[in-house]
Each structure stands twice: as C-alpha cells, then as structure tokens.
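Residues per chain are reported as follows:
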Amino acid sequence: MSRHFSAVQSTTFDAPRLVDEAGRRVYLVSERRAGGGCACTGLLRVEPGETGSLQAAFGGVPAGVERLSVMLPYAGVFADVPVVDGTVPVPAAGRGGARRVRGPLDLADVAPSHAAALGAYTQRLDVGLRTRRAGGRVDISLDTDVLFRLDSAELTGGAAKTIAAAAADVAAAGPGPLTVTGHTDSTGSAAHNQALSQRRARVVADALRVRLADGGDRAMSVAARGESEPAAPNDSAANRALNRRVTITFREQGAAAGTAAPDALPRTEGAQGKAPDGVEVALPLNRGTIRFVPGPATVRGPFLLVSLAARNTGDRNATILDFLGQGVFTVRDEFDPYARYGAAGVRLLHGDTAAYGLDYELEPGRHRCLCDRLLNRAIPPRSEQVLTLWFPAPPAGTRTVTIDVPDRLRITDVPVT
C-alpha cells in the first residue's frame, strides 16, 4: 500500500480530503510548518496480517463543525464522521522507513489546511447554456453562436429557448442584482469587438427583462469586455466559439437553480446499460474488460454523492487510466494535464442537462475535481475499485439520473435517494 493513498504518487498519506457538505467546502491535508511536506503518515509499511494506522492533519477547520465526510482514493467516502475533541492517538502496529516504530503526529507542526469553496458546473446541451456556481456566485454563459448570426446583434429565431432557460435559472435563484456582460473572440479589431459585445449584452438584457416576472424591480447592469477576457486561448475554431458568449452573473439567494429538463437524452456512441447491472466495457488498447456498476445517488444537502464500482470481469489485470477523464482543457476551459487520467470526465445527465463533478480552486484559474484524479492502479481479476463522484444536487423531485462519459459509456435509471 506504499502509494495507494497519495495524490502525487509518493509514499505518504497526503490524498484524503474532508468534505463539509453544509459549509460547501473541502479541506486538503495540511503541510508541516517546519521543513514542508504533508502533516501525515509517510513511508508506512504493513506486513501481511498486521494492522497499521494512517494519520493526516487538517489545520484550521472552523470551530462548530460537528461532522465531516472523509474521502479516500479508491476507497470511497466515509460519511458523517464526527468531529471530537481529544489527543492525537498513538498509531497502531506498523512501522515506517528503517523499521522505526511510529509516534503520533505533532499538531504543533501543522499549518492551516488549504480550504476552498466547492463549485458546480452544469450545461444545457440543447440550448448552448453553461452554468458555474461557487461560493454563492452564479455565472451563466450563453453561446452567442446560438443567439446571433455572425457579426450581428440581432437575436435569431432559435435564441428564445436559450434565453428562456437562462431566465428560469435567474428566477429560481431569488431576487437580487445581476450583470449581463458581452464577450467576443479576437477576430477583428479590438474596437469593433468591444462595440459588438456591448450591443449583444444590451439585447440579451432587454430580452431577460421581458422574460423575468420581476424584471422591472431587478437591478440589471450591462457591461462589455470585447476580446479582453477570453475563456480559452483564441488558437482554434472551437476555442474561439467558447469566447463568443454573453454571461449573466448574480448572487444566489434561494435554492440552487434548476429547471425541468426534457426526457430525451443526447445521442452517444458509447456502451449503454441500466442500473443496477451497469455496463460492461472492453477497454481500448486491449487493457481488459470492466463492468461499471453504480450505487445509489444520495442527496447530501446541496450535493449528490454517487459511488461507481469498476469491476474487472476479465482474467488479467485491467486499468481504467484515461477512460473516464476529459481533455486537457476542462469544462471550465482551464488547462489541466491530469484531467484525462482520472474520473473528471464523468457527468450526470437529466434529460439534456449535464452536471459535471464538483471542483475546487487551488489558486485563481486552477480548479481541481473532487474525484479520483489518477486512476493508474491495476485492477486484478475479480476485484474492483470504488470511485467517488460528487455532483450538484438535481432539481427537487428527480427520481433517477444517468451516469455518462461522452461516447464511452452510459448507465441510465440510477436511483436518487
């Protein structure tokens, strides 16, 4: 088990994360004040038949937090672990490097944990609408290729559905001010793009006022950023399309916005199955056969917790490395070279609404998924790995959801409890 619980493939217990569902936050293992490195067990050796203890320190968890969920790589989530006062226990049998007997962690040498708000990202696949949530702030991004013709600020006939979906999300979030901002790609002059983004933002704002029942009382401002704030590098047609957008930004006052989604699911080229049996997949490059079996999807406050077992049904080791990931540019349009090697590409579908896994910000513009990020451990025959997946909770009353990796696998009828 030398590298089983490490986020960086070291021999330390540095990968656990604490999830505070009520506070919508995640805590990472602290570093030591003196000398750096994680404030955690390192170089643990456990012989067959022995029991060893793993310890990790999380400094700075606020007073008053009574329960947290503990997330471990490949092992799932231990929910509602009580937070109690007490001394650090002496580790059970088990020795470290050079066969030294271990002592308890020294909490005087613990720096505060990195703590971050948990963010949510959803996408209406049918109307070109993407929603990001973090820390109470909501950013809805509308693709202007759906709203407008090239170099135009006149709404197309198909724009009404997209604006209606955005208005429904704004209304569900409760009253409060909002800002409508126009953005373009870098094609054309900066002055032209600035003026075009201004005109498009005003048109969208006017259409929102008509759609919102309380539009007359809602403080709505309009801004234009032209090409100055790209969502992705302007180096390809796909990225330039991401940069052509109008965003609606506001603070969430009520329940998480969610509108009824249509019943039809988007098309897929991947293997398909239903819960509880899941779906069996022959992995590419002759890497084995895996049956993906979902557990129930459990609503935990504002989030949905889903377990997904990857069972090796073949007769040799199998690995799911890069099968459940996404591209090196994530759904937030950020570069992450490890996003393809974990479970970041798994999403939930409710009709044509796709919800992606929760994430958190290590530093501005650098989000990491609340998931297993490196699935490079081989799964022996007749064994399984348990993957933990966190999503924003679906609209109230949702009974089932669909687990989906675009054009790789899809499992429908996963019950929501």
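All values derive from a computational prediction rather than experimental measurement. (Residues numbered from 1 in each chain as written. Predicted model: local features only at pLDDT ≥ 70, side-chain atom pairs only at ≥ 80, totals over all residues. Heavy atoms only, no water.)

Pairing within the open sheet is antiparallel, and its four strands lie in the order β13-β14-β15-β19. Only two strands of the sheet have a single neighbouring strand rather than two, namely β13 (279-282) and β19 (384-392). For this sheet, the mean angle separating the axes of adjacent strands, direction not counted, is 25°. (Pairing = 2+ DSSP bridges. Helix = DSSP H or I, 4+ residues; strand = E, 2+ residues; numbered from the N terminus. Axes fitted to C-alpha atoms, helices over the stretch in contact; angles between N-to-C directions.)

Counting residues in hydrophobic clusters, the biggest one holds 35 residues, and the most contacted among them are F292, I320, L324 and L409. Where this core is concerned, the elements lending two or more residues are β13, β14 (289-300), β15 (303-312), β19, β20 (400-405) and β21 (409-415). Among the elements that make up this core, the one with the highest residue count is β15 (four residues). Dropping the residues within four chain positions of it, I320 is found in contact with L283, I290, F292, A310, L375, Q385 and L387. Core analysis: the second largest hydrophobic core is formed by 26 residues, F148, A166, A201 and A205 among them. (Core = buried A, V, L, I, M, F, W, Y, C linked by side-chain atoms within 4.5 Å. Buried < 20%, exposed > 50% of the residue type's maximum accessible area, 1.4 Å probe, protein only. Contact = heavy atoms within 4.5 Å.)

Two residues of an α-helix separated by three or four positions point the same way, owing to the 3.6 residues in each turn. Here helix α3 (residues 190-211) spans 32 Å end to end across 22 residues, near enough to the 32 Å set by a 1.5 Å rise per residue. If you check which residues of α3 are buried, you get N193, L196, S197, R200, A201, V204, A205, A207 and L208. Against α1 (144-147), α2 (159-172), β9 (178-183), β10 (220-226) and β11 (245-251) lie the buried residues of α3. (Expected span 1.5 Å × (residues − 1).)

Along the chain, the position of D139 falls in strand β8 (residues 137-143). Within the local environment of D139, its side chain forms a polar contact with the side chain of R137, the two groups lying 2.9 Å apart. With near-sequence residues (within four places) excluded, D139 lies in contact with R130, T131, R132, I248 and T249. (Polar contact = N/O pair within 3.5 Å; in protein donor to acceptor, adjacent residues only side chain to side chain.)

The next subject is the side chain of T247. Relative to the helices and strands, T247 is located in strand β11. Judged by its relative accessible area of 11%, T247 is buried. If sequence neighbours within four positions are ignored, T247 has contacts with I140, S141, T179, V180, T181 and H183.

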